[in-house]
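Here are the chains, one letter per residue:
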Amino acid sequence: MARVFMKGCEAIAEAAVRAGCRFFAGYPITPQNEIPEYFSRRMPEVEGVFVQGESEVASVNMLYGAVQTGTRSMSSSSSTGISLYSEGVSYCAAARLPIVYVNVGRGGPGIGAIQPAQQDYLQATKASGNGGFEMIVLSPSTVQEAVDMTYEAFDLAERDNNPVLVLTDGVMGTMMEPVELPPMKTAEEVAAMKEARRSVSAVGHKPEEQVRILPGGVGGSFEPVNMAAAELYKSWVDKDVRVEEIMMDDAEIVLTAYGISGRIAKVAVKELRAEGIKAGMIRPIAIHPFPYKSFENLDFDRVKGILDVEMSIPAQMVWDIDHAVHGRCPIKECLRSGGELMTKERVMRAARELAKEVL
């Protein structure tokens, strides 16, 4: 298929439409506004529904209702808006509903800055809502990855009957790159996907069908629901860990980063190699489930230090890295936050300093 030049937010929206998404509800907030704007134009063309909710709370609950009809449904917001989604997403997790939503991150805490940041990592991976539920969380470093992840997110959500989050940031959302768009689901395919979910959808059933659609453990103990969910989460470790490892065979210094910081760190690794520093890189592509084994299995006789690169102060992903490394080598941080962008030069300077300390 021919490549097209698209902005990140618009490419995400188009990928969702092509995946069969036929309902979108959202509320304007920078820097994700191009997602609902694109849907508002595109949905009528595919006989879908676009709703601008009166708030983030309203939008996520519209998403809950739409997906319960068997319709592939999606929403998006940015950081502070995603915080308002937490109750509704928790309800969707309890009801085992396959929602897809996108966080185009901005600086915080509070209302923070409208510029890009990666300060929602812990919220996305550890505390997306009450009750301790978990989700697959994908984080692209290119617009092409954003397209591919969004397209696949609907399949993952329906496979597990569980929410899926695509966590990106304002750089990825507003930059433009050439992308190859995935195939468009036909009207027949969209109808078939909806029909396949009819037995667990609120679409009207005959009395003899005895279909019950309940949010989790209503009317009884919630413990069996939690136990079943825990088994689902354990299964991800074997089949859904996604990680890119670069020049790791002889690496003595390991850079690790995700999303836009991963893109920047990848360039830094190549230039550090040209300087004679044996740098490698571990890039989590799915930040949940986290690729713990990539760090646990490092040869710490050779690897002397790890540099965590994040657009977050304080660092957040470093908690997962430290959990995997267990103190077997130093972990240093290269950080920006609040809309201050990471640069290749900053990463390389921090890597050089780490190399001097440990080599």
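In case you missed it, the structure is sitting above this.
Residues numbered from 1 in each chain as written. Predicted model: local features only at pLDDT ≥ 70, side-chain atom pairs only at ≥ 80, totals over all residues. Heavy atoms only, no water.

Draft legend 1. Focus on the overall build of the chain. Within the chain, the regular secondary structure consists of 13 helices and 14 strands. The C-alpha atoms of the chain give a radius of gyration of 21 Å, which matches the 21 Å a tight globule of 359 residues would have. Considered along the principal axes of its C-alpha atoms, the chain spans approximately 70 × 45 × 40 Å. Here the chain holds 359 residues, and the buried ones make up 54% of them. Considering only intrachain contacts with a sequence separation of at least 6, the fraction spanning at least 24 residues in the chain is 80%. When the accessible surface of the chain is summed, it comes to about 15200 Å², and 53% of that surface belongs to carbon and sulfur atoms. In the chain, 37 positive and 48 negative side-chain charges are present, and the distance between their average locations comes to 2 Å. (Helix = DSSP H or I, 4+ residues; strand = E, 2+ residues; numbered from the N terminus. Rg over C-alpha atoms; globule rule 2.2 N^0.38 Å. Buried < 20%, exposed > 50% of the residue type's maximum accessible area, 1.4 Å probe, protein only. Contact = heavy atoms within 4.5 Å. Areas by Shrake-Rupley, 256 points an atom, 1.4 Å probe, with all protein chains shown as cover. Lys, Arg positive; Asp, Glu negative; His and termini not counted. Charge placed at Lys NZ, Arg CZ, Asp CG, Glu CD.)

Draft legend 2. Focus on the layout of surface pockets. If you add up the space inside the largest pocket, you get close to 310 Å³. Lining the largest pocket are 16 residues, with Ser-90, Ala-94, Asn-130, Phe-222 and Asn-226 sitting closest to its centre. Among the secondary structure elements, those contributing two or more residues to the lining of the largest pocket are helix H4 (80–94) and helix H9 (223–239). Sorting elements by how many residues they give to the lining of the largest pocket places H4 first, with five residues. (1 Å grid on protein atoms, 1.4 Å probe; cavity = no way out; pocket = protein on both sides within 12 Å on 5 of 7 lines; lining within 4 Å. Points joined across faces, edges and corners; volume = space filled by probe spheres on them.)

Draft legend 3. Highlighting empty space enclosed by the protein. Counted according to the given criterion, the structure contains three cavities of 30 Å³ or more. Here the largest cavity is characterised by a volume of approximately 60 Å³. Every residue along the wall of the largest cavity is listed here: Ile-82, Tyr-85, Ser-86, Val-89, Tyr-101, Asn-103, Asp-120, Gln-123, Ala-124, Ser-128, Leu-165 and Leu-167. Elements supplying a minimum of two residues to the lining of the largest cavity: H4, strand E5 (100–105), helix H5 (121–126) and strand E7 (164–169). Here the residues of the lining of the largest cavity are counted per class, giving seven nonpolar, four polar and one charged. (Nonpolar A, V, L, I, M, F, W, Y, C, P; charged D, E, K, R; others polar.)

Draft legend 4. View of the nonpolar core. Counting 105 residues, the largest nonpolar core has Ile-35, Phe-39, Met-74, Leu-255, Phe-295, Leu-307 and Val-347 as its most contacted members. When residues of this core are assigned to their parent elements, the largest contribution, nine residues, is made by helix H6 (residues 143–160). Leaving out residues up to four positions away in the same chain, Leu-307 has contacts with Val-254, Leu-255, Thr-256, Lys-332, Glu-333, Cys-334, Val-347, Ala-350, Ala-351 and Leu-354. (Core = buried A, V, L, I, M, F, W, Y, C linked by side-chain atoms within 4.5 Å.)

Draft legend 5. Examining the sheet that holds strand E11 (residues 279–284) more closely. Taken together, five strands build an open sheet; the order of strands is E9-E11-E10-E13-E14 and the sheet is mixed. For this open sheet the edge positions go to strand E9 (243–246) and strand E14 (331–335), each flanked by a neighbour on one side alone. Taking each pair of neighbouring strands and ignoring which way they run, the sheet shows an average axis angle of 20 degrees. Pairing analysis gives five bridges linking strand E13 (residues 305–310) to E14, with the strands arranged parallel. The partner of Leu-307 across the bridge, within E14, is Lys-332. (Pairing = 2+ DSSP bridges. Axes fitted to C-alpha atoms, helices over the stretch in contact; angles between N-to-C directions.)

Draft legend 6. Representation of the pattern of salt bridges within the structure. All told, the structure shown has 22 salt bridges when counted by the stated rule. Residue Arg-42 pairs with Glu-14 through a salt bridge whose shortest N-O separation is 2.7 Å. Separated by 28 residues along the polypeptide, Arg-42 in helix H2 (residues 34–42) and Glu-14 in helix H1 (residues 8–18) bring together distant segments of the chain. According to the relative accessible area criterion, Arg-42 is buried, its value standing at 16%. Between Glu-275 and Arg-352 there is a salt bridge, and its shortest N-O distance comes to 2.9 Å. Of this pair, Glu-275 sits in the loop between helix H10 (259–274) and E11 while Arg-352 sits in helix H13 (residues 344–358), and the two are 77 residues apart along the sequence. Note on Glu-275: relative accessible area 42%, which makes it partly exposed. Linked by salt bridges that have partners in common, Glu-14, Arg-18, Arg-42 and Glu-45 make up one network. (Salt bridge = Lys/Arg side-chain N within 4 Å of Asp/Glu carboxyl O.)

Honestly, it's all geometry; don't read function into it.
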